[in-house]
Amino acid sequence: MKSLNIGIIGFGTVGCGVFETLKSFNEITVKKIAVKNINKKRNIENFDNSLLTDNPYEIVNNPDIDVIVEVAGGINPIFDVLKTAINNGKHIVTANKELLAKKGSELFSLAKEKNTVILYEAAVAGGIPIIMPIKTILCANKITKIAAILNGTTNYILTKMAEQELSYETALKQAQELGYAETDPTGDVEGFDASYKISILSTISFNKRIDINKIYREGITKITPQDIKSAKELGYKIKLIAMGRVLDDGKIDVRVHPMLVAKKHLLAKVNNATNSIMLSGYPVGDLVFTGAGAGAEPTSSSVVGDLLVLASELEITNSPLPQSICTHNETAEQIDIGDTYNDYYISITTSNNPGTIGIIGTICGKNNINISTIMQKGINKDNTAEIVVLTETSKESDVQNALKELIQSESIKNINNLLRVMN
Ligand code: HSE
């Protein structure tokens, strides 16, 4: 294995985890670490403070450094910093999903031109090996479908809402106290983090570049204890699902939204902060990868794994192996959510009038929606009723039209939620 000198950019949870894991590997030497605040106390035994700099350009312009480990996250200033690194001929190992999802095309093209590689096992699902398997041993397959739980924070919140009958707000607070959710949880709870990850996974699985701006995205903030309860009564759990599919006409459907997942489905059994990825390909069939999607140690497994793979490659050749180079030049034709077909869960509050279920049935029928289950359990104290409808497979635009019509009816007080269903 070739000895590598590395510079680390970012020294938070993941950066410190990588530093600790690297202590077991003499062939990798940490030359410099870029941080925001040099004076912050580091919780690492015998730490040599002279390794620190607050100028990441000091690292990417250092001729003694071969590889940059980027675990800082975000676009600014990291995009420019890494472009400088690549222009200086350095290889990159990164956990930055947002950067790859938004700027991957530009970065990978530059890396190809400069004959360097960008490895990013840690960017998707932390410790779960998924990028390297797709790019190497699964390359004989035509992958057509991914369904995944890619965000630990939201999975933790939804698990606690179901297990302890908590409101979203209380479960979020618990997740923040335990360090799963950030003070500003938007990136996780609104599905941004999962959308970056499914964009990367879909790009490498379907061999076509996915436009992050065309990924339909819904978070979990509108899920109520009533939705969780109704789902449970109907035999489902609610999960934030990231999915990517190649349709028969070659178009690509990529999205992130909460779903009712049938209790017997493997993804329904993935709880707390665990991640899981189901992938279908030909000839391999169905595969499931499950494990820790975040945290210092699992994520450092992926970062250090990438570094050691690179060190082995560079021992043999200065030209990185073809599997490490990104070759997705073709752009995917992504379909709009309105053109997708799904089974649906619709939760409606109605007035307690005769014929209300008939009105719902008529409007659904007029819009080509076939109801498979309808549930009403008595009347509320204020003389309203909660009605839950499950549909057979219907077109999203038809369902949206039906909801617009339903809300016009005097008997319909509110459409509480519309969720898609995975059986
Ligand atoms: N914030 C992510 C999660 C981990 O909750 O899964 C890092 O992407």
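Note that the coordinates shown come from a computational prediction; the quantities given were computed from them, not determined experimentally.

> Hey, could you go over the overall build of the chain for me, with residue numbers and the actual values?
Scanning the chain from N- to C-terminus turns up 13 helices and 17 strands. Computed over C-alpha atoms, the radius of gyration of the chain comes to 24 Å, within 12% of the 22 Å expected from 2.2 N^0.38 for 423 residues, which places it in the range of a compact globule. Each principal axis of the C-alpha atoms in the chain carries an extent, and together these give about 80 × 50 × 35 Å. Across the 423 residues in the chain, those meeting the buried criterion constitute 53%. Counting only contacts in the chain whose residues sit at least 6 apart along the sequence, the fraction spanning at least 24 positions is 72%. Approximately 18,800 Å² of the chain is accessible, and the part contributed by carbon and sulfur atoms is 48%. Each charge class in the chain can be summarised by its mean position, and for the 43 positive and 47 negative side chains these summaries are 2 Å apart.

> Report on the packing of helix H1 (residues 13-22) against helix H11 (residues 296-316), specifying residues and quantitative values.
With their axes 8 Å apart at the nearest point, H1 and H11 run at an angle of 60 degrees to one another. The angle between H1 and H11 falls in the class oblique. As for the relative orientation of H1 and H11, their crossing is right-handed in sense. Where H1 abuts H11, its residues Thr13, Val14, Gly17, Val18, Thr21 and Leu22 lie against Ala296, Thr299, Ser300, Val303, Val304 and Leu307. A per-class count over the contact of H1 with H11 returns seven nonpolar, five polar and no charged.

> Provide a residue-level description of empty space enclosed by the protein, including the pertinent values.
Evaluated as defined, the whole model comprises two cavities of 30 Å³ or more. Quantified by volume, the largest cavity comes out at close to 40 Å³. Every residue lining the largest cavity is listed: Leu119, Tyr120, Glu121, Ile131, Met132, Lys135 and Asp306. Examining the composition of the lining of the largest cavity, we find that three residues originate from one element, helix H5 (residues 131-135), more than from any other. Among the residues forming the lining of the largest cavity, the class breakdown is four nonpolar, no polar and three charged.

> Give a detailed account of the side chain of Asp188, specifying residues and quantitative values.
Residue position: Asp188 is located in helix H8 (residues 186-189). One buried charged side chain, Asp188, makes no salt bridge at all; its nearest oppositely charged neighbour is Lys197, positioned 6.0 Å away. Only 3.3 Å separates the side chain of Asp188 from the side chain of Thr153, close enough to count as a polar contact.

> For the site of the ligand, give the residues involved together with the corresponding values.
Residues in close proximity to the ligand include Lys97, Asn151, Gly152, Thr153, Asp188, Asp193, Lys197 and Ala294, which together make up its full environment. Here Thr153 contributes a side-chain N or O atom positioned 2.5 Å from an oxygen atom of the ligand. Bound to the protein, the ligand loses 82% of the 260 Å² it would expose on its own. Secondary structure elements with two or more residues in the shell around the ligand: helix H6 (152-164) and helix H9 (192-206).

> For the pairing of strand S5 (residues 91-94), give the residues involved together with the corresponding values.
Along S5, one buried face is formed by His91 and Val93 and the opposite face, lined by Ile92 and Thr94, is buried too. In this structure, strand S4 (residues 67-70) lies alongside S5, joined through four bridges in parallel fashion. Bridge pairing links Glu70 to Thr94 in S5. Handedness of the crossover is the feature at issue here: the chain leaves S4, passes through helix H3 (residues 78-87), returns alongside S5, and the resulting connection is right-handed. The pairing of S5 with strand S6 (residues 118-119) spans two bridges and is parallel.

> Lay out the environment of Ile346 in plain terms, naming residues and giving numbers.
Relative to the elements of secondary structure, Ile346 occurs in strand S13 (residues 341-351). Each C-alpha atom, one on Ile346 and one on Leu419, is 6.5 Å from the other, the two residues being 73 residues apart in sequence. Every residue in contact with Ile346, bar those within four places of it in the chain, is listed here: Ile387, Val388, Val389, Thr391, Val399, Leu403, Ile415, Asn417 and Leu418.

> Could you give an account of the pattern of salt bridges, naming the residues involved and the relevant values?
Counted according to the given criterion, the structure contains 19 salt bridges. Arg255 serves as the salt-bridge partner of Asp253, at 2.9 Å between the closest nitrogen and oxygen. Owing to a relative accessible area of 1%, Asp253 belongs among the buried residues under this scheme. Relative accessible area serves as the criterion here: at 1%, Arg255 is assigned to the buried category.

> Tell me about the packing of aromatic side chains, and name the residues and values.
Here a ring pair, both rings aromatic, is described through the centre-centre distance and the interplanar angle of the planes. By the definition in use, this model includes five aromatic pairs. Consider the rings of Phe19 and Phe47, whose centres lie 5.4 Å apart with planes at 70 degrees: the pair is edge-to-face. Residue Phe19 is found in helix H1, and its partner Phe47 is found in the loop between strand S2 (28-34) and strand S3 (52-53); the two are separated by 28 residues along the sequence. For the pair formed by Phe19 and Phe47, the shared burial category is buried. Clustering of aromatic rings is evident, with ring pairs tying together Phe11, Phe19 and Phe47. The lysine or arginine in question, Arg217, covers the ring of Phe192, its NZ or CZ lying 3.7 Å from the ring centre.

> Summarise the sheet that holds S4; cite the residues concerned and give the values.
The strand order across the open sheet built from six strands is S3-S2-S1-S4-S5-S6, with neighbouring strands paired in parallel fashion. Bordering the open sheet on either side are S3 and S6, each of which pairs with just one other strand. Strand contacts of H1: strand S1 (4-9) and S2, with the helix running at about 155 degrees to S2, the strand carrying the most contacts.

What counts, and where the lines are drawn
Residues numbered from 1 in each chain as written. Predicted model: local features only at pLDDT ≥ 70, side-chain atom pairs only at ≥ 80, totals over all residues. Heavy atoms only, no water. Helix = DSSP H or I, 4+ residues; strand = E, 2+ residues; numbered from the N terminus. Rg over C-alpha atoms; globule rule 2.2 N^0.38 Å. Buried < 20%, exposed > 50% of the residue type's maximum accessible area, 1.4 Å probe, protein only. Contact = heavy atoms within 4.5 Å. Areas by Shrake-Rupley, 256 points an atom, 1.4 Å probe, with all protein chains shown as cover. Lys, Arg positive; Asp, Glu negative; His and termini not counted. Charge placed at Lys NZ, Arg CZ, Asp CG, Glu CD. Axes fitted to C-alpha atoms, helices over the stretch in contact; angles between N-to-C directions. Parallel < 35°, antiparallel > 145°, perpendicular 65-115°, else oblique. Left-handed = near helix turned anticlockwise from the far one by under 90°. Nonpolar A, V, L, I, M, F, W, Y, C, P; charged D, E, K, R; others polar. 1 Å grid on protein atoms, 1.4 Å probe; cavity = no way out; pocket = protein on both sides within 12 Å on 5 of 7 lines; lining within 4 Å. Points joined across faces, edges and corners; volume = space filled by probe spheres on them. Salt bridge = Lys/Arg side-chain N within 4 Å of Asp/Glu carboxyl O. Polar contact = N/O pair within 3.5 Å; in protein donor to acceptor, adjacent residues only side chain to side chain. Near = heavy atom within 4 Å. Pairing = 2+ DSSP bridges. Right-handed = clockwise from strand over helix to strand, strands pointing away. Phe/Tyr/Trp six-rings, centres within 6.5 Å; stacked < 30°, edge-to-face > 60°. Lys NZ or Arg CZ within 6 Å of the ring centre and 35° of its normal.

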